[in-house]
Amino acid sequence: MKQYIIRRLLQMIPTLIGISILVFAISSMVPGDYITAKNSPSMTAEKKAELRAIYGLDKPPVERYFTWAGNMAVGNLGDSLQHKQPVTKVINTYVWNSFIIAFFSLIFSWIIAVFTGVLSAKFQYSFFDKMVTLLVFLCMSLPSFFIGLLLIKVFALELGWLPIGGMTTAGSKATGWGYFVDVLEHSFLPILVLTMISTGSLTRYFRTSMLEVIRQDYIRTARAKGLKERTVIFKHALRNAMLPAITLMGFELPALFGGAIILEKVFVWPGIGQVYLESITVRDYPFMLGFTIFLAVLTLIGNLISDVLYGAADPRIRLK
Amino acid sequence: MSLEAAPLDMKTQVPAKQPDSPWRIAIRRFTRNRLAVIGLLILVVMVLFCVVGPWFSPYDLLEYDVKNKKNLAPNAEHWLGTDKLGRDTLLRLMLAGRISLLVGLVATAISILIGATLGALAGFYRRFADTIIMRIADVFMALPTLPILIIMGAILSDLKVEPKHRVYFLMLILGVLGWTTIARLVRGQILTLREQEFMQATEALGLRDRRKIFRHLMPNTIPIIIVTATLGVAGAIIAESALSFLGIGVVPPTPSWGNMITSANSLIDFRRRPWLWIPPGMCILITVVAINLIGDGLRDALDPKMKK
């Protein structure tokens, strides 16, 4: 196992190099840089050139790539031009706001998906099952930004039950419980949308996996022993049905820390996705590149985790 | 009596003598899936609405009437109202649908072309070609798609690409970024197919590699390609609309469902003029649901083993 993990980690290196070259090449295709994007009229040509020299923007792309990649290899992502802070620090400041939404929607969607998936497998072809199937398709097809807008329109503007956007009420100095309630109200809709989007495919996953398990002999044995139906389904069947789903856990990793760019924009949520979107607009290369690589690393590690988890959960799988 | 019975008997015997072709079986399985058929009907209606609909519209997008017709609410003349330039929203909705559907279709076609070819090459030649192609696929798979799309969109904006041409670039970008899924599937299939007996026959016949791959191996992967392509179109439509909503996909004056929703960014339009942004959103939703239903029906019909 240890050997397997080490080999996989080593295999990541060429992939990461490929990604970094690709991402850097794409971003250096962008005409203009941070200085032109800022476009302040008071700046003279000399001042601009001076600033470019400071930021290292005057060097040829290939040289810039090696400086950047070299720094990154030792864990230095550079300084964000816009925030005047190390990229890692900016990520650390905003990523937790995104994490809150992603984490809760993850938990809710898993709970909902397990229950509806199991029940619709148990009562296959029933009315309930058909409704679930239809809802699943609806959830899988939702354009997140449109549903977000629709919910804001209904619940925030028309009914006035929830705030329109942001993370806290502007000017609010509430602490403790008051702060908690404030954030809760603001996060309700984004979490709802994110949960809706991810529940669809998860439910489907659990349903098929449960359908496979339920037809096996040991389930018949469990019933023949006279076990209660609830025990059969939730203890005997569900455990095995959950097994393949463990791999999904790893894939959730980038979603947890990656931020939901579009949703955060719609809900004006101060998460990492919004900061990232802004960094593209103002040509804050160090942040833009650094965060893209951060996401890629998360994806690769997530894949590794899901493979390892699968091997750990299912002794029939040998990792080599 | 006997005269009538005879042809009936023959009819019942025919299927036994001549087994149905796999395609006919697939079609029968598909039509038995009620949700999939409903999806297909909805999609056909939607396509007709967008493609044929504009011809029945009495309005023209180039006819501005900012003075008299600005921001009208839905009424008998303008069923979905008008926008801030006095253009008919219904007409824009139909024209936007053409663009959105076209972007989805072409982007997927590009993905399939690249993905199926590379996947087939990797599966057929194995060894070196396989390693190289699948490594590249790994890189593409670990790329965060949406951020890359946004960066590419920003590049298009910076290069001042004309809105007319921008649509083509968008198709290309979406297509190129999406080839890995199909490549992996096709490669997997070809790896098993190439070991089968009919491939030994092609070997014995001395066929060229090109012929082996494109005439004998690829046709066997068509079911997988069809299913993935269908679901891919749905994904591409969503991606396009999201990008256009962010203002870096299809940009005005070319209408697309995504960029029509951008009018929700202005608080007044968002609040008081829902006819500007709710219909395009519903169109996206309905189209994508329909395509997903069809894709699922096709999966059941073409390859029951694939169901996961």
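Only a predicted model underlies this, so the values are computations on that prediction, with no experimental measurement involved.

**Remarks on the overall build of chain A**
Next up, step 1: The secondary structure content of chain A amounts to 14 helices and two strands.
Next up, step 2: Overall, the C-alpha framework of chain A stretches about 85 × 55 × 35 Å when taken along its three principal axes.
Next up, step 3: Taken over 320 residues, chain A has a buried fraction of 46%.
Next up, step 4: Here the contacts in chain A between residues at least 6 apart in sequence split such that 72% fall between residues at least 24 apart.
Next up, step 5: Of the roughly 16,500 Å² that chain A leaves accessible, carbon and sulfur atoms contribute 66%.
Next up, step 6: For chain A, the centre of its 30 positive side-chain charges and the centre of its 19 negative side-chain charges are spaced 11 Å apart.

**Describing the interface of chain B and chain A**
Next up, step 1: Facing the 43 residues of chain B at the interface are 43 residues of chain A.
Next up, step 2: In total, about 4,000 Å² of surface goes out of reach between chain B and chain A, with carbon and sulfur atoms giving 80% of it.
Next up, step 3: Where chain B touches chain A, the interface holds one salt bridge.
Next up, step 4: Here Asp296(B) makes a salt bridge to Arg204(A), at a shortest N to O gap of 2.5 Å.
Next up, step 5: Applying the counting criterion to the chain B and chain A interface returns three residue pairs in polar contact (both at pLDDT 80 or more).
Next up, step 6: When residues of the side of chain B that touches chain A are traced back to their parent elements, those giving at least two are α7 (127-142), α8 (145-158), α13 (222-245), α15 (267-272) and α16 (278-302) of chain B.
Next up, step 7: Here the side of chain B that touches chain A is composed, by residue class, of 32 nonpolar, three polar and eight charged.

**Some details on helix α5 (residues 87-122) of chain A**
Next up, step 1: Taking 1.5 Å per residue, 36 residues should reach 52 Å; α5(A) reaches 49 Å between its end C-alpha atoms and fits that length.
Next up, step 2: Residue Val95(A) marks the point of greatest curvature in α5(A), where the axis turns by about 35°.

**As for the packing of aromatic side chains**
All names here are of chain A.
Next up, step 1: For the structure on display, the rule yields 20 aromatic pairs over all chains.
Next up, step 2: Centre to centre, the rings of Tyr-276 and Phe-291 are 5.1 Å apart; their planes meet at 55°, and the pair counts as tilted. Placement of Tyr-276 in helix α13 (residues 272-281) and of Phe-291 in helix α14 (residues 285-313) is noted, with a sequence separation of 15 residues between them. No difference in accessibility class separates Tyr-276 from Phe-291, as the two residues are buried.

**Comments concerning a nonpolar patch on the surface**
Residues and elements named next belong to chain A.
Next up, step 1: On the surface, a cluster of nonpolar side chains totalling about 600 Å² of accessible area is made up of Phe-104, Ile-107, Phe-108, Ile-111, Ile-112, Phe-115 and Phe-234.
Next up, step 2: In terms of residues, the nonpolar patch owes the most to one element, α5, which gives six residues.
Next up, step 3: Here Ile-107 shows up in helix α5.

**Remarks on the packing of helix α3 (residues 34-51) of chain B against helix α6 (residues 89-125) of chain B**
Residue and element names in this part refer to chain B.
Next up, step 1: Running from amino to carboxyl end, α3 crosses α6 at an angle of 115°, the nearest separation of the two axes being 7 Å. The element α3 and its partner α6 pack so that their crossing is left-handed. Listed contacts from α6 to Val-47, Phe-49, Cys-50 and Val-51 of α3 are Leu-90, Leu-93, Met-94, Gly-97, Arg-98 and Leu-101.
Next up, step 2: Classifying every residue of the contact of α3 with α6 by side-chain character gives eight nonpolar, one polar and one charged.

**What to know about the state of the cysteines**
Next up, step 1: A complete count under the given rule lists zero disulfides over all chains for this structure.
Next up, step 2: Lacking any disulfide linkage, Cys139(A) is separated from the closest cysteine sulfur, that of Cys283(B), by 20 Å.
Next up, step 3: Here Cys139(A) falls in the buried class, since its relative accessible area comes to 17%.
Next up, step 4: The thiol sulfur of Cys283(B) is not disulfide-bonded, and the nearest other cysteine sulfur, from Cys50(B), lies at 6.4 Å.
Next up, step 5: Assessed through its relative accessible area of 8%, Cys283(B) is described here as buried.

**Structural notes on the UniProt feature "transmembrane region" (unreviewed entry) in chain A**
All names here are of chain A.
Next up, step 1: According to UniProt, the "transmembrane region" (unreviewed entry) feature falls on residues 12-30, 94-119, 131-152, 187-206, 245-267 and 287-310.
Next up, step 2: A helix fraction of 100% and a strand fraction of 0% characterise residues 94-119, whose end C-alpha atoms lie 38 Å from each other.
Next up, step 3: Measuring from the first to the last C-alpha atom of residues 245-267 gives 30 Å, for a span that is 83% helix and 0% strand.

**As for the UniProt feature "transmembrane region" (unreviewed entry) in chain B**
Residue and element names in this part refer to chain B.
Next up, step 1: Within this numbering scheme, the UniProt entry marks residues 35-56, 99-124, 136-155, 167-186, 217-239 and 275-298 as carrying the feature "transmembrane region" (unreviewed entry).
Next up, step 2: In residues 167-186, helix accounts for 90% and strand for 0%; the two terminal C-alpha atoms are 28 Å from one another.
Next up, step 3: What you have in residues 217-239 is 83% helix and 0% strand, and the ends, taken at the C-alpha atoms, are 32 Å apart.

**Considerations on empty space enclosed by the protein**
Residues and elements named next belong to chain A.
Next up, step 1: Enumeration over the complete set of coordinates arrives at one cavity of 30 Å³ or more.
Next up, step 2: Here the largest cavity defines a volume of roughly 30 Å³.
Next up, step 3: Lining the largest cavity are Leu-162, Pro-163, Ile-164, Gly-165, Glu-185, His-186, Leu-189, Pro-190 and Phe-267.
Next up, step 4: Among the residues making up the lining of the largest cavity, the classes are represented as six nonpolar, two polar and one charged.

**A closer look at the UniProt feature "domain: ABC transmembrane type-1" (unreviewed entry) in chain B**
Next up, step 1: Within the UniProt annotation, "domain: ABC transmembrane type-1" (unreviewed entry) is assigned to residues 97-295 of chain B.
Next up, step 2: Regarding residues 97-295 of chain B, the helix share stands at 80% and the strand share at 0%, and the terminal C-alpha atoms are separated by 20 Å.

**Section: the nonpolar core**
Note that soluble globular proteins tend to have their nonpolar side chains buried in a common cluster.
Next up, step 1: Membership of the largest hydrophobic core comes to 149 residues, with the highest contact counts inside it found for Met210(A), Phe287(A) and Trp257(B).
Next up, step 2: The next biggest cluster of nonpolar side chains, apart from the first, holds 14 residues, and it includes Met199(B), Ile213(B), Leu217(B) and Ile225(B).

**Overview of the packing of α7(B) against helix α10 (residues 180-193) of chain B**
All names here are of chain B.
Next up, step 1: For the pair α7 and α10, the least separation of the axes is 10 Å and the interaxial angle reads 145°. Crossing of α7 over α10 shows left-handed handedness. Two secondary-structure elements touch here, α7 through Asp-130, Met-134, Ala-137, Asp-138, Phe-140 and Met-141 and α10 through Thr-180, Arg-184 and Arg-187.
Next up, step 2: Considered class by class, the residues forming the contact of α7 with α10 number four nonpolar, one polar and four charged.

**Brief notes about the side chain of Thr108(B)**
Next up, step 1: Along the chain, Thr108(B) turns up in helix α6.
Next up, step 2: Beyond its immediate stretch of four places on either side in the chain, Thr108(B) contacts Ala229(B), Gly232(B), Val233(B) and Ala236(B).

**Examining the pattern of salt bridges**
Next up, step 1: Overall, the coordinates contain 14 salt bridges over all chains when judged by the stated rule.
Next up, step 2: Across the pair Asp307(A) and Arg8(A) runs a salt bridge whose closest N-O atoms are separated by 2.6 Å. One end of the pair, Asp307(A), is in helix α14; the other, Arg8(A), is in helix α1 (residues 2-28), with 299 residues separating them in the sequence.
Next up, step 3: A residue is classified by how much of its surface remains accessible, and Asp307(A), at 29% relative accessible area, is partly exposed.
Next up, step 4: Across the pair Arg187(B) and Asp130(B) runs a salt bridge, and its minimum N-O distance is 2.6 Å. Note that Arg187(B) is positioned in helix α10 and Asp130(B) in helix α7, a separation of 57 residues in sequence.
Next up, step 5: We classify Asp130(B) as buried; its relative accessible area is 12%.
Next up, step 6: Residues participating in the shared-partner salt-bridge network are Lys122(A), Arg223(A) and Glu229(A).

**As for the confidence of the model for chain B**
Residue and element names in this part refer to chain B.
Next up, step 1: Within chain B, residue pLDDT values average 81, and 87% of them lie at 70 or more.
Next up, step 2: Looking at the elements of chain B, mean pLDDT is at its lowest for helix α1 (residues 2-17), recorded as 49, and at its highest for α3, recorded as 90.
Next up, step 3: Scored below 50 in pLDDT, residues 1-11 shows zero contacts in the model against residues more than four places distant or in partner chains.
Next up, step 4: Model confidence for the complex is summarised by a pTM of 0.82, with the ipTM given as 0.79.

Procedures and definitions
Residues numbered from 1 in each chain as written. Chains lettered and ligands numbered in written order. Predicted model: local features only at pLDDT ≥ 70, side-chain atom pairs only at ≥ 80, totals over all residues. Heavy atoms only, no water. Helix = DSSP H or I, 4+ residues; strand = E, 2+ residues; numbered from the N terminus. Buried < 20%, exposed > 50% of the residue type's maximum accessible area, 1.4 Å probe, protein only. Contact = heavy atoms within 4.5 Å. Areas by Shrake-Rupley, 256 points an atom, 1.4 Å probe, with all protein chains shown as cover. Lys, Arg positive; Asp, Glu negative; His and termini not counted. Charge placed at Lys NZ, Arg CZ, Asp CG, Glu CD. Buried area = accessible area lost by both parts, 1.4 Å probe. Salt bridge = Lys/Arg side-chain N within 4 Å of Asp/Glu carboxyl O. Polar contact = N/O pair within 3.5 Å; in protein donor to acceptor, adjacent residues only side chain to side chain. Nonpolar A, V, L, I, M, F, W, Y, C, P; charged D, E, K, R; others polar. Expected span 1.5 Å × (residues − 1). Bend = angle between axes of the 7 residues up to and from the residue. Phe/Tyr/Trp six-rings, centres within 6.5 Å; stacked < 30°, edge-to-face > 60°. Patch = residues over 30% accessible without salt bridge, like charges linked within 9 Å, V, L, I, M, F, W, Y side chains within 5 Å. Axes fitted to C-alpha atoms, helices over the stretch in contact; angles between N-to-C directions. Left-handed = near helix turned anticlockwise from the far one by under 90°. Disulfide = S-S within 2.5 Å. UniProt positions renumbered as here; feature names shortened; annotations may be inferred. 1 Å grid on protein atoms, 1.4 Å probe; cavity = no way out; pocket = protein on both sides within 12 Å on 5 of 7 lines; lining within 4 Å. Points joined across faces, edges and corners; volume = space filled by probe spheres on them. Core = buried A, V, L, I, M, F, W, Y, C linked by side-chain atoms within 4.5 Å. pLDDT = per-residue confidence, 0-100.

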